[in-house]
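# Working through the structure, step by step
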Amino acid sequence: MNTAGHSEATERRGLELTPFRGLRYDPDLVGSLAAVTSPPYDVVVRPDGLHHLQDADPHNIVRLILPQAVTPSARNEQAADTLHRWLSEGVLTTDPEPGLYVYEQHDGNGLLQRGVIGALRLTDPSEGVVLPHEDVMPHVIADRAALMRATSANLEPLLLTYRGNGSPADTTTIVERIAEQPPLLSTTTEDGYSHRLWAVTDPTDLTRIQTDLSHHQALIADGHHRWATYRRLRAEHPSPSPWDYGLVLLVDTARYPLRVRAIHRLLHGVPVADALAALDGLFRVQHLEVPLPEALEALADAACAGNAFLLAGDGTFHLVDRPDPDLLARTIPADRPAAWRTLDATVLHATLLDHVWLIPEDDPAHIAYIHDTTATVSKAERDGGTAVLMHPVREEVVRDLARQGVTMPRKSTSFGPKPASGLVLRALEP
């Protein structure tokens, strides 16, 4: 596996993407490639999601990224044992030579995303090469780090974006040329997305891609906790080592724009009536007797004028907007840029969670972060909690704050489409 960087490469400013020998499912030994894939570990949200994926195929990747056992140590040991067994049985096989991988997603409705998967050299925030835009939760990093230590593998790629100049640069030219060739694998998952993967092994192509990317910085679109985990584990291993690199998908959003969606909150054990009562006199509250799509349209309209949220869980919707300016002045830190102070996520965390509802934002016993809107509402109605639905942030706002070194509150955005887990893995030890 090509993992150690050359001295001139480590001095280079910009992205350093390195070929690796991918671990991939043998299609002859699994029911179907679609049946062994999964959304990223933190997007398995529907009530039966985990069991559905486990039942789809005995080799579904969810058995590695979300192992099920009584204790955390038992879960991680189970994942490691499962990975080793699949390797010994040939269910997962190592590609014969190092390469980068072109990855394509298509939803059949005009959305097309292509990017390059590789092992990216890990950098510190001060280097300005990989820009985070969200805060992270320590307990999630600890959980992912323990799993990665046990398996000695990058089990799913992060999603990073960079901005080309809008014209076919070397990377884009190579990606689009290779996408015209027969793929290594092709499958369509139950969400209707088609996925295709190609290996890039030609030395000239690899050099052109690496040289082009060395002039760019990247924004973490999805995977802040896994990036922080990569960096924690790198510090635990003497350099140079395979732990100096982490598995990523890089997408040029000037060529292939991503969608930016919101991540919603579910407040456990907080009935909607209680959440609304606490807002009396602090926010305007409007009750909406309309279906979810119309309620979301009302949220979008209100968000154009200022901070707005949609509360649900009691069978109807409640539009919450127009916060009291004095309340915001008391609760939101004044030492941040105006673009940060006016974010919905900032108002939610600094004002609503910390001062009005008094809910600890890092405690999974009190709050859950869910990507799917319908699932959030359904869970709230079933469990008697409160769903807090958010309006998405524009990518330009995210990128501008990241370039200033300002991180948004955790789980502020959901960029997509996200890469499917299970198409290519990276082993960190032989």
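Residues numbered from 1 in each chain as written. Predicted model: local features only at pLDDT ≥ 70, side-chain atom pairs only at ≥ 80, totals over all residues. Heavy atoms only, no water.

## Points about the sheet that holds strand S16 (residues 308-312)
Defined as follows: Two strands qualify as a pair provided that DSSP identifies no fewer than 2 bridges between them. Counting from the N terminus, the helices are the DSSP runs of H or I reaching at least four residues and the strands are the DSSP runs of E reaching at least two. Working convention: axes come from line fits to C-alpha atoms, limited for helices to the stretch in contact. Angles between N-to-C directions cover 0 to 180 degrees. Whether two residues are in contact is decided by their heavy atoms: any pair within 4.5 Å suffices.
Pairing is antiparallel across the open sheet formed by six strands, whose spatial order is S15-S17-S16-S19-S14-S18. Both outer strands of the open sheet, strand S15 (284-288) and strand S18 (367-370), are each paired with one neighbouring strand and no more. Averaged over all pairs of adjacent strands, the angle between strand axes in this sheet comes to 25°, irrespective of strand direction. Here S15 pairs with strand S17 (residues 317-321) via five bridges, running antiparallel. Residue pairing across strands places Leu 288 opposite Phe 317, the latter belonging to S17. Lying over the sheet, helix H14 (residues 344-356) contacts strand S14 (264-267), S16, S18 and strand S19 (386-389), oriented at roughly 60° with respect to S16.

## Overview of the confidence of the model for the chain
Selection criterion: Scored from 0 to 100, pLDDT reflects the predictor's confidence in each residue.
Residue-level pLDDT values for the chain average 90, and 93% of them are 70 or greater. In this model, residues 1-12 is a region of pLDDT below 50 whose contacts with residues beyond four sequence positions or in other chains number 21 contacts.

## Looking at the pairing of strand S11 (residues 218-222)
Along a regular strand, successive side chains alternate from one face of the sheet to the other. Put simply, the rule is: Only protein chains enter the calculation, and the probe is 1.4 Å; a residue is then buried if its accessible area is under 20% of its type maximum, exposed if over 50%, and partly exposed in between.
With five of its five residues buried, S11 lies for the most part within the structure. Examined bridge by bridge, strand S6 (residues 130-131) and S11 share two bridges and lie parallel to one another. Across the sheet, residue Val 130 finds its bridge partner in S11, namely Ala 218. Where strand S8 (residues 158-162) and S11 come together, three bridges link them in antiparallel fashion. Bridging across to S11, Leu 159 finds its partner in Asp 222.

## Concerning the packing of helix H7 (residues 170-178) against helix H8 (residues 203-213)
To keep it simple, the criterion reads: Should an angle lie under 35 degrees it is considered roughly parallel, over 145 roughly antiparallel, and from 65 to 115 roughly perpendicular; all remaining angles are considered oblique. Charged residues are taken to be Asp, Glu, Lys and Arg, nonpolar residues to be Ala, Val, Leu, Ile, Met, Phe, Trp, Tyr, Cys and Pro, and polar residues to be all remaining types, Gly included.
Two elements in contact, H7 and H8, have axes separated by 8 Å at closest approach and are oriented at 140°. It follows that H7 is oblique to H8 by the angle criterion. Across from Asp 170, Thr 171, Thr 173, Ile 174, Arg 177 and Ile 178 in H7, the residues of H8 making contact are Asp 205, Arg 208, Ile 209, Asp 212 and Leu 213. Here the residues of the contact of H7 with H8 are counted per class, giving four nonpolar, two polar and five charged.

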